[in-house]
Amino acid sequence: MSALIDYLLEPQTAVVFDIDGVLAVYEFGELGHSAVPDGDWEAYVRTHDPYASSRPVAEIQEFVRRKGPERVFACSVAQDFEAPGKRAFVCANYGIPADHVRLVPDKPLKTAFLHKVARELSIPTRRVALVEDTVKTLDAACAEGFTTVHVTSFFDFGRDGR
C-alpha cells in the first residue's frame, strides 16, 4: 500500500469521503453518466431514486471495513430532494453511521464540515483527510491544512494482499 493509504488507516486519522463519483459509482444514465439534463434533475430524483440502483466501490468498502466506521464520514453537496437517497446509499453500502453523513448545500461548506470533524475529535486538521474526485475541492481543503486524497488512490486498494 502507499504511504498515504497507510496514513489513512492509522486509528487517529479521520477520513471524509465525497459521495457522487467516490462512494457511489457515477453512472445514473444508460450508457452515460447522467440520466437527465441538469435542469430536469430535481423532477427526475423526486420520481426516481438514482441511488437505489447506484453501485458502491468494492475497494472503498474494503477500506472502510478495515478502518472501522468510527472515524469514517461522508460529506456531499445535496439538495433536500436528494438527501434521503444519498444518506441511505452510504449507510447501506458502507456501514457508515447516519450521523457521520453530512449533506451540505454547496461545496465551500465541505471544508466547514472538515473543521467540525477536527474539533469534535480533538485532532489537528492534518489528521482529517478528504477523499474527493474534484481537484478544486481538494485544493481548497489542502489550502486549509487538511490531508487530501484523490479517489484514484483507492483503485488498487486491497490488491497487494494486505
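Check the entry above for the structure.
Residues numbered from 1 in each chain as written. Predicted model: local features only at pLDDT ≥ 70, side-chain atom pairs only at ≥ 80, totals over all residues. Heavy atoms only, no water.

J.: Explanation requested: the overall build of the protein chain in the structure shown.
T.: Of regular secondary structure, the protein chain possesses six helices and five strands. Counting the 162 residues in the protein chain, one finds 43% classified as buried. Across the protein chain, every contact between residues at least 6 apart in sequence was considered, and the portion connecting residues at least 24 apart equals 71%. Roughly 8200 Å² of accessible area belongs to the protein chain as shown, and the carbon and sulfur atoms make up 53% of that amount. (Helix = DSSP H or I, 4+ residues; strand = E, 2+ residues; numbered from the N terminus. Buried < 20%, exposed > 50% of the residue type's maximum accessible area, 1.4 Å probe, protein only. Contact = heavy atoms within 4.5 Å. Areas by Shrake-Rupley, 256 points an atom, 1.4 Å probe, with all protein chains shown as cover.)

J.: Any chance you could explain the packing of aromatic side chains here in plain terms?
T.: The way to describe two aromatic rings as a pair is by their centre distance and the angle between their planes. The full count for this structure, using the stated rule, is seven aromatic pairs. Taken together, a centroid distance of 5.2 Å and an interplanar angle of 85° make the contact between Phe-63 and Phe-154 edge-to-face. Here the residue Phe-63 occupies a position in helix H3 (residues 58–67), and Phe-154 occupies one in the segment after strand E5 (147–150), the gap between them amounting to 91 residues. By the burial criterion, Phe-63 is buried, and Phe-154 matches it. Taking 5.6 Å as the distance between ring centres and 75° as the angle between the ring planes, the aromatic pair formed by Phe-63 and Phe-157 counts as edge-to-face. (Phe/Tyr/Trp six-rings, centres within 6.5 Å; stacked < 30°, edge-to-face > 60°.)

J.: Before we go on, may I ask you to explain the pairing of strand E1 (residues 14–17) in this structure?
T.: Two faces belong to every sheet, and in a regular strand the side chains alternate between them. Going residue by residue along E1, you find Ala-14 and Val-16 tucked away on one face and Val-15 and Phe-17 tucked away on the opposite face as well. Where E1 and strand E2 (residues 72–77) come together, three bridges link them in parallel fashion. When the sheet's bridge partners are listed, Val-15 is paired in E2 with Val-72. (Pairing = 2+ DSSP bridges.)

J.: What's the story with the side chain of Asp-18 in this structure? I'm lost.
T.: Examined against the element boundaries, Asp-18 turns out to sit in the loop between E1 and helix H2 (41–47). Residue Asp-18 is classed as buried on the basis of its relative accessible area of 5%. Sequence-distant contacts of Asp-18, that is, excluding residues within four places in its chain, are made with Leu-23, Cys-75, Ser-76, Lys-110, Val-131, Glu-132 and Asp-133.

J.: Any chance you could explain helix H6 (residues 135–143) here in plain terms?
T.: Quick reminder: α-helices carry 3.6 residues per turn. Residues three or four places apart thus point the same way. All of the buried residues in H6 are Thr-137, Leu-138 and Ala-141. In a view along the axis of H6, the buried residues occupy a sector of 100°, so they form one face of it. In H6, those exposed residues whose orientation departs by more than 90 degrees from the buried face are Lys-136 and Ala-143. Positive phi appears at Gly-145, one or two residues downstream of H6, with a value of about 95°. (Arc of directions from axis to C-beta.)

Everything listed here is a matter of coordinates, which is why it stays silent on function.
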